[in-house]
Amino acid sequence: MNIINIDYEKGTVQSDYHEWQIVSNNDNKFLLLQREENGRFIAAEADVKKKHLWQVKEVTYRGPNGDTFFYDEDSGLCKL
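Residues numbered from 1 in each chain as written. Predicted model: local features only at pLDDT ≥ 70, side-chain atom pairs only at ≥ 80, totals over all residues. Heavy atoms only, no water.

Summarise unusual backbone geometry; cite the residues concerned and give the values.
The phi dihedral of aspartate 27 is positive, around 60°, even though this residue is not glycine. Note on placement: aspartate 27 falls in the loop between strand E3 (19-26) and strand E4 (30-37). The backbone phi angle of asparagine 28 is positive, close to 55°, even though this residue is not glycine. Relative to the helices and strands, asparagine 28 is located in the loop between E3 and E4. Under the relative-accessibility criterion, asparagine 28 is labelled partly exposed at 40%. (Helix = DSSP H or I, 4+ residues; strand = E, 2+ residues; numbered from the N terminus. Buried < 20%, exposed > 50% of the residue type's maximum accessible area, 1.4 Å probe, protein only.)

Printed below as a string of structure tokens:
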């Protein structure tokens with residue numbers, strides 16, 4: 001999906017069809033995102049430079065301080 005707009009103050013990203021919440025920001029280069037739909041969470045990783053995001057079932061994203069995240073459809077993204 002294409003990134004249309006990023007609002008760092010509000011912590012949101014607008015893609016082609018959805019608005020996402022920013023969970024983690026790695027120097028405005030890579031983002032970890034989530035949104036809720038029908039009681040389930042959907043996760044995505046984003047490349048800011050390429051203005052592209054993709055939904056994920058497993059998180060490979062590393063936070064700016066080496067943070068590791070875990071994704072669960074019921075509870076969303078959690079930092080380990």
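On we go.
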